[in-house]
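Descriptive structure summary
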Amino acid sequence: MLRLALKTLRFRKGGFLASLIALFVGAVVVQGCGSLLETGIRANVKAERLAAAPVVVTGSQDYPGSPVGNDDDPLTERVLLDEKLVAAVAKVPGVAKAVPDVSVPITALAGRPAEAFGHSWSSAALSPYKLVAGGAPAAADDVVVDRATAKKTGVRPGARLKASVRGVPHVFRVSGIAESRHATQAALLFTDDRAMRLYDRPGKIDDIGVLATAGTDPARLADAVGDAVSGHGAQALHGNDRGVAEFPAAISGKQNLIPVAGAFGGLSTMVAIFVVGSTVGMLVQQRRREMALLRTTGVTPGQLRRMVMAETALAAVLAGALSIVPGQAFGRFMYDVLVDQDLIPGEMIFSQGFIPRLAGFGATLFAALAAAFIASRRVSKVRPTEAMAEATLQTRWISPIRMILAFLFLGGASALAIVTATVMSGPTAASTSAPAAMLWAVGVALVSPALCRWLAALLRWPVSWLTGLSGQLAMLNASVRRVRLAAAVTPIMLATGLATALIYLQTSQDDASNRVFAKNLKADAIVTVQDGALPPSLVDTFSRLPQVEGASASAASEGSLETVLEPGKNDNGTRTEPKVRPTKIDLQGVTGAGARQTIAHRAVQGDFGKLTGNSIVLPDHMLRDRDQKVGDRVRLRWGNGQASSMTVVGSFDPPRGFDYAMVPAAALLPHTTDGKLSQILVKAKSGVSSQELRAALQKQTDGVPGAFVASRSEAKAAHAESDKSGRVASYLLAAVVVGYAVIALVNSLIVATAERRSEFALQRLIGSTGRQVLWMMSVEALVTALVGIVLGTGVAAGSLLPFGLALDGNVLPSGPGWIYVTIVASAVALTFVSILLPTTLALRAKPVEATVAP
């Protein structure tokens, strides 16, 4: 059968090329998405400043154990270590020295915004740094500067260097200049005592660098050190894992990349399987006459199936081999886009091992062979005496397997739509809406022959009346050959539906987020800083200005409200420690004295002004759900894993789906990774103009590098541009999935039209002109596009309507209308080009020659 399959390919170059293209692109897309997922799962980050330490101890980002399985939901801020662990690590056999390490964010150097970090001089051995000029820091105001920073700022040993630590200005004396061949970040090295004072986390450190004795195996040492620090919220890392301790942004990058890559991979794999299956199935169905002839010559059904399977396997293996290099390049391209948009840090090492390649090859091979088997099964079982009559026209499409699959996909889509509309709320509803769009698309495709028949019947009379005899013939073709019409309509439906759904899901989220931000913004001015930090003392400074009614710091993070459960019993009957059930919530750090003047939400209970110390303001519905009231205490676990008992001092009503809790900024900032204040909200007194307010605020910020004052309108515009990560991820996903669907659209329509070469020739032999044939195909193209657009719009509506209800109660999605118009116009244009181009080429041949099978 393989030899026969190879011989038949000589006469089916067009069909083989079409299947090869579909398989190749599918394998490339799946491999590229798989490489992103592998990159996120591995989260490898090459150590730079800690390169000389074979083992690094850092905080575990896993959420403390809970009965509802939140261990896989990592904490969002860096988890700090107890400095007492240094002594425990130093006692482990094989450890030559345990060096505590801290990172102090330096937000300005020499009067200019900068991104640098301060460390203790003892941690210089972890890189290692070597002095190239001057000496080590000895006095409290001494600092050693790395060579690149010294060159950039123009300082030499003995010079004075201005630097800001979290926005607070300092002046240091440069005692020396050091160099490391590993470290790339700007670094300032202080005395150990000064570094800890600037770090300002009493009793805590970032990580511990472990220097090993000669001949010690890093992996075994990491296991031994891990045993020593287990139970203290710490982990021991070696190899490329060490970089996570040095670049904590890789933690959030992993959290961002895994769900994005999972969505990419899941949708792309489903589209690839569906497109490959549809393309291969269509090509097999086009060979019904060929198979019928083979059946009349004595070929058995099994031989036919094996021949088709061999041909398909050959195309799949070739496509898989060709896709290896482009698949890696495509994954790298998407990785670079995400890095450029700051969704993931560039320090993460791009990975594409054996598994993504196997997944891409396996998914396309499985889809191709399954489609080839299903499509050839019915034709191969036709009796030889009925074969030629059966091959003349394909009208049957219903099968038990197809209807079961249609029921499952449509039922799953309906279930997701119900869950989205009734259970989900706010932007989180997108997590069920996007998969629902794909399920709707597959389900509609499975029943598309019936839908195409009904839609063609609706369009028959108006189209025939408007387009004349050629239009009547086109509508007869559409009505009789509904299975072929469905094969042409499916890629249009897929591209239109997914493009509309994915794009408007994002525009609706953006619009809702912008409305909520504008509604919540009561301040007249926002003082912010780019690539730096504001001194916390500026809040009080602004509050005392005669032009200001109130000022409040503004900082964001995440945390969890924990409900303590009853202690249980283990298998031995011994009582266990009480467990907790966490409820994740966004945290907004504010200044209690100015919160009421700068935040639009009014207090339902209590008073925002009491937000001092360990206090919290919760959404009112959350307070009711917890059966608590103002004055009660709640347990809050901050983003860095530390827990505090907070007193509820008030409640408010945030917009549906946009819940958050307010806490004092002074309490929140120490629990964030960098502790930087980047925004202060200011409300003007009655009668003070915006120009007067801005001038007064700008005067107070003249000494803060990078600080500027933004108006309400500027703040709204900045917010609209701020959430690039989600927007880029959504649009990149839409581009990948829809781009593949468009390739499939063009591919399938060209092949389907080129197959009708003999039909066009027969029409011309009985008197039709080439222009009449082109007009007939133009009408067919219009009908095909209209049916595909209608079905695609229905697929999008099945996802967008429930999402709108969950997001803000609006049925219609938010976003520019020209997006949908562009999608529709593009679908129509691609359909016309894909159908009329091969028709024109087919009409160039003489009718008598074209009727002869190639």
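Quick caveat, the model's predicted, so the values are computed rather than measured. (Residues numbered from 1 in each chain as written. Predicted model: local features only at pLDDT ≥ 70, side-chain atom pairs only at ≥ 80, totals over all residues. Heavy atoms only, no water.)

A word on the pairing of strand E15 (residues 548–553)
Burial runs high along E15: 5 of the 6 residues are buried. Looking at chain direction, E15 and strand E23 (residues 679–684) are connected through 5 bridges and run antiparallel. Counterpart to Ala551 in the pairing with E23 is Val682. (Buried < 20%, exposed > 50% of the residue type's maximum accessible area, 1.4 Å probe, protein only. Helix = DSSP H or I, 4+ residues; strand = E, 2+ residues; numbered from the N terminus. Pairing = 2+ DSSP bridges.)

Quick word on the packing of aromatic side chains
Under the defined criterion, the tally for this structure stands at 4 aromatic pairs. Pairing Phe172 with Phe190 gives two aromatic rings, centres 4.9 Å apart and planes at 55 degrees, and the pair type is tilted. Of this pair, Phe172 sits in strand E9 (residues 168–179) while Phe190 is found in strand E10 (residues 186–190), placing the two residues 18 residues apart along the sequence. Overall, the relative accessible area of 0% leaves Phe172 in the buried class. Look at Phe190 and you get buried, because its relative accessible area is 0%. Ring centres of Phe652 and Tyr660 lie 5.1 Å apart, and the angle between their planes is 55 degrees; this geometry places the pair in the tilted category. (Phe/Tyr/Trp six-rings, centres within 6.5 Å; stacked < 30°, edge-to-face > 60°.)

Regarding the pattern of salt bridges
Should their charged atoms come close, side chains of opposite charge can pair. The final tally for this structure, using the stated rule, is 16 salt bridges. Residue Glu558 is joined to Lys584 by a salt bridge in which the shortest nitrogen-to-oxygen separation is 3.6 Å. Of this pair, Glu558 sits in strand E16 (residues 555–564) while Lys584 sits in strand E17 (residues 580–590), placing them 26 residues apart in sequence. By relative accessible area, Lys584 is classed as partly exposed at 45%. Connected through shared salt-bridge partners, Arg78, Asp206 and Asp207 make up one network. (Salt bridge = Lys/Arg side-chain N within 4 Å of Asp/Glu carboxyl O.)

Things to note about the side chain of Thr107
Positionally, Thr107 belongs in strand E4 (residues 104–109). For Thr107, a relative accessible area of 3% corresponds to the buried category. Here the side chain of Thr107 touches Gly167 through a polar contact of 3.2 Å, landing on its backbone nitrogen. (Polar contact = N/O pair within 3.5 Å; in protein donor to acceptor, adjacent residues only side chain to side chain.)

Topic: the confidence of the model for the protein chain
For the protein chain, the average pLDDT comes to 83, and 89% of its residues sit at 70 or higher. Every residue in residues 66–71 scores below 50 in pLDDT, and together they form 14 contacts with partners more than four places removed in sequence or on other chains. (pLDDT = per-residue confidence, 0-100. Contact = heavy atoms within 4.5 Å.)

Digging into helix H22 (residues 690–700)
The set of residues buried in H22 consists of Leu693, Ala696 and Leu697. The buried residues of H22 occupy an angular sector of 95 degrees when the element is viewed end-on, so they sit on one face. Turned more than 90 degrees away from the buried face of H22, the exposed residues are Gln691 and Lys699. Turning to H22, the residues buried within the fold contact strand E14 (525–529), helix H18 (538–543), E15, E23 and strand E24 (707–711). (Arc of directions from axis to C-beta.)

Examining the pairing of E16
Remark: a regular strand shows side chains that alternate across the two faces of the sheet. Relative to E17, E16 is paired through 10 bridges, and the arrangement is antiparallel. Within the sheet, the bridge partner assigned to Ala556 lies in E17 and is Gln588.

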